[in-house]
Every structure is written in C-alpha cells, then in structure tokens.
Amino acid sequence: MAVVGGGIGGATVALALERHGVDVAVYERRDSVPPVGSGLGLAGNGYRVLEDLGLGPALDGTGAPLATMRMLSADGTEVAHYDTGRLLGMRRADLIRIVLDGVGPSVVHHGRECVAVEVDTGPPVVRFGDGSCAAADVVVVADGLRSRCAPVVAAPPALRPAGTSALRGFVSADGLPEHLATGQNAWLGPDRHLLCYPVDRHGTLNFAAFVPRPAGSADEWSFRVDPEVVRDAYAGWDDDAGAILDRASEVYRYDLADRDPFAPWTRAGVVLLGDAAHPMLPHMGQGANQAIEDGAILAALLAEAEGAADVTERLATYEATRKPRTDRIQRQSRRNGERFSRARDLTSGDDSAPTEDLSWVYGYDAPAAGRAAAARLRAS
C-alpha cells in the first residue's frame, strides 16, 4: 500500500498498517520533518490511538500535560476554569517525528513529491514530480487541505476562507508566572482571541493569536511576519497576554480555511484521509486528532482485505464509519470560531464559555471502533 503524505495522518495509518503486518510505503515531499511549525493539543481520542500503537511512553516523555483551561476576558478577568482531561501539548514536528520513528526509515521516502494519482487501468499509480511512478493495491491520500491528489476521487468543494488568520509562534516560559507556564490560557475579546499552552517538558509555550484576515491579502497559507504584528493586534489587553507576546521573535501567519463536507472519499482503490477528506478549522483542536482516528480505523479495515472487491467494500465502510463524525466536528469547529470572534463581555453571559458535553469527542475509542467495523465485515 502507498501513503501520499508523511504528516500526522499519513504517518499514523502507515504505522497502524505495519502493526497489522501490511507492507506500506510513505511518500513525503519534504526532505525531512520541518523543525518549525505550530503546536497542537493531542486529546484523549488521539492519544488513545497512538498509545494502542505503543507510542505512549514517547509521547508522555515529550509533550506537556495540560490539565486545566482558563478562559479570560481581554482585561484578564477569569470567567471560566475547568479540567481538560487527558491532553498533551506538543509541537507538531515532535508528534510527526515520534510516529515516523515508530514506522522506521525504510518505509518513509522523503523528497518524493506526489503530483497525481491515476486510476485509469489496473491498480492505482502514484505520479511523482520527477517523472517516476509507483503502483499500489491501495493509495491513501493524506497530503492535506490543498491536496493535489484528492481530485482523482472527487472534486472537493472550493476552499472556504474563514476570514481570520492565526499568528503562531513559540516562546520561552522562563520567568513567567506558573499559571502561564502550565495549562491552557485563552483570552477572548472583540474579533480576536489568543490561546497559549506549553508544548514540551522544557518550558516552551505555543501561542495562537486569531485575528481578522487583512482585506485583499493573497492566499499564501503560511508565511513569516514581523512579530510587531501580533503585539499590535493585542495592544492594551491583559498584561499576562502582553508578557507572552513580548517574547515572540519568530511569528508565522496562517490564513484559515476549510471546505464543506463532501463525498465520496474513495474511488478505485484510492482513499482520502485527514485534511484531504475533511479539513476543519482549529477551534476544537481536532484536526490532527481526527486524522489519527482515520488512520486507526482505515488500517483495521484494510488489514484483512482480500482482493479488489473486498478492498472496495472496506474502503466504503471506512467512509461510512468516519464521515458522520468528522462532518459533525467540522460544523462544531466553525461554530466555535464564530462564537469566539463575537465575544464581547464574557462576564455578562456570552456563550463563548464551554457548556456542551464533549465526551462524544474525547471519549471516542477509534481502535475499538476499527476492530468492531472489521468484525462486522467478517460476520457479513
């Protein structure tokens, strides 16, 4: 089997397939895992998958436990404080490295830019930018929001710009108060909000500052900006927020977008995974976690595949199992972004503070769901 894209979702499905004894090759366009990038929260639902794959000790030794969330107004007034359950703050690059280390170097082929997948005759064929190609019984397309290979399966809806940008970076927590150096802190105000949390055991904080996207800006996705941009955007806010942003020396702007849910996710032995199938905004912190879930369930189903007709049925089962859940999380992520952006006075009963029971998100057991889906096929 071939996996296009060596990010979190692609690495997870490759590792899970390997654990099931399936031969797999991962093709990643980058020459190596980039040392920079954003932070993320590895939630209980994503952690459960990777723990099942034997990565628990490596994750626990690298990420920072995030036991609490403090929500504050722009002036620093605390309006909510709650437990977040099992949650690890991590650098995205560290998470990818840990999963790829589990896969092993012989499986991952760096510097292989996939430009298309063809399904005209026989098994699917992956085409590379250098003119070479590779055939596989199944091709997993996990190359992200702007996937070049997804159109062979379906014509994805147009990108839907969120109208906001995330200004992201890392800073040292050295010398900051303990309530900033541990747990999550979120400041919400008119048209913008700021989230900060630790991402390792060495005192590194990740910040994500959400601001209105500049009018007329080009859709460049990610690029470096002057740190004064983020400081100016939060001038006059709480001193704690200012203390974090004053330390920023390297800031990247990400212009946020998603797509409306679409189908199908599979065609002629090609299947979509992660952001290639269900790109979502970051306002539930579930993008990486949902890609990880995808990988667990897809691998559990493909591990027992026998012949092309069986593969087709198993890929359809994967889509039917995953799509209702990811559709719901996509919608909720949009709603959360809208709620956060209209926050005014949180102390007056604004609905931006969390009230919904999210156990359906964090309590989901993807390894068990994958085994159950495979068992139903065996019994049919």
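Look up a bit, the structure's there.
Below or above, wherever it landed, is the structure these notes cover. (Residues numbered from 1 in each chain as written. Predicted model: local features only at pLDDT ≥ 70, side-chain atom pairs only at ≥ 80, totals over all residues. Heavy atoms only, no water.)

### With respect to the overall build of the chain
Okay, step 1: Scanning the chain for helices and strands turns up eleven helices and 20 strands.
Okay, step 2: Seen along its three principal axes, the alpha-carbon backbone of the chain occupies a region of about 60 × 40 × 35 Å.
Okay, step 3: Across the 380 residues of the chain, 54% fall into the buried class.
Okay, step 4: Considering the chain, the positive charge centre built from 38 side chains and the negative charge centre built from 51 side chains are found 3 Å apart. (Helix = DSSP H or I, 4+ residues; strand = E, 2+ residues; numbered from the N terminus. Buried < 20%, exposed > 50% of the residue type's maximum accessible area, 1.4 Å probe, protein only. Lys, Arg positive; Asp, Glu negative; His and termini not counted. Charge placed at Lys NZ, Arg CZ, Asp CG, Glu CD.)

### Description of the packing of aromatic side chains
Okay, step 1: Evaluated as defined, the whole model comprises three aromatic pairs.
Okay, step 2: Positioned over the ring face of F170 is R91, at 4.5 Å from the centre of the ring.
Okay, step 3: Over the ring of Y364 we find R325; its NZ or CZ atom is 3.9 Å from the centre of that ring. (Phe/Tyr/Trp six-rings, centres within 6.5 Å; stacked < 30°, edge-to-face > 60°. Lys NZ or Arg CZ within 6 Å of the ring centre and 35° of its normal.)

### Quick word on the pattern of salt bridges
Okay, step 1: Throughout the structure, instances matching the rule amount to 22 salt bridges.
Okay, step 2: Measuring nitrogen to oxygen at the nearest pair gives 3.7 Å for the salt bridge that ties D200 to R91. With a gap of 109 residues between them, D200 in the loop between β15 (192-198) and β16 (204-212) and R91 in strand β7 (residues 87-91) connect regions that are remote in the sequence.
Okay, step 3: Note on R91: relative accessible area 22%, which makes it partly exposed.
Okay, step 4: E304 is the partner of R378 in a salt bridge, and the nearest nitrogen-oxygen pair spans 2.6 Å. Remark: E304 occurs in the loop between α8 (287-302) and α9 (308-341) and R378 occurs in helix α11 (residues 366-379); sequence separation between them is 74 residues.
Okay, step 5: When salt bridges that share partners are traced, they join R160, D258, D260 and R334 into one network. (Salt bridge = Lys/Arg side-chain N within 4 Å of Asp/Glu carboxyl O.)

### Section: the nonpolar core
Okay, step 1: Of all hydrophobic cores here, the largest spans 75 residues; its most connected members are L42, L50, L59, L95, V139 and L298.
Okay, step 2: With eight residues, α8 is the largest single contributor of residues to this core.
Okay, step 3: The contacts of L50, once residues within four sequence positions are left out, are T12, L42, L55, G56, L59, L95, V99 and I292.
Okay, step 4: Ranked by size, the runner-up nonpolar core spans 23 residues in total, among them V171, W187, L194 and F207. (Core = buried A, V, L, I, M, F, W, Y, C linked by side-chain atoms within 4.5 Å. Contact = heavy atoms within 4.5 Å.)

### Describing the environment of P123
Okay, step 1: Note that P123 resides in the loop between β9 (114-118) and β10 (125-128).
Okay, step 2: The exposure class of P123 is partly exposed, given its relative accessible area of 42%.
Okay, step 3: The residues contacting P123, other than those within four sequence positions of it, are E118 and A136.

### What to know about the packing of helix α2 (residues 44-52) against α8
Okay, step 1: It is at 8 Å that the axes of α2 and α8 come closest, and there the two elements cross at 40°. Considering their axes alone, α2 and α8 lie oblique with respect to each other. For the pair α2 and α8, the sense of crossing is left-handed. Residue-level inspection shows N45, G46, V49 and L50 of α2 in contact with α8, the latter providing N289, Q290, I292, E293 and A296.
Okay, step 2: Tallied by class, residues from the contact of α2 with α8 come to four nonpolar, four polar and one charged. (Axes fitted to C-alpha atoms, helices over the stretch in contact; angles between N-to-C directions. Parallel < 35°, antiparallel > 145°, perpendicular 65-115°, else oblique. Left-handed = near helix turned anticlockwise from the far one by under 90°. Nonpolar A, V, L, I, M, F, W, Y, C, P; charged D, E, K, R; others polar.)

### Points about α11
Okay, step 1: Along its 14 residues, α11 runs 20 Å from first to last C-alpha, staying within 8% of the 20 Å computed at 1.5 Å per residue.
Okay, step 2: Residues of α11 that are buried include every one of A366, P367, A369, G370, A373, A374 and L377, and no others. Axial view of α11: buried residues confined to an arc of 165°, hence all on one face. The outward face of α11, more than 90 degrees from its buried face, is lined by the exposed residues R376, R378 and A379.
Okay, step 3: Residue D365 occupies the N-cap position of α11, its side-chain oxygen lying 3.1 Å from the main-chain nitrogen of A368. (Expected span 1.5 Å × (residues − 1). Arc of directions from axis to C-beta. Polar contact = N/O pair within 3.5 Å; in protein donor to acceptor, adjacent residues only side chain to side chain.)

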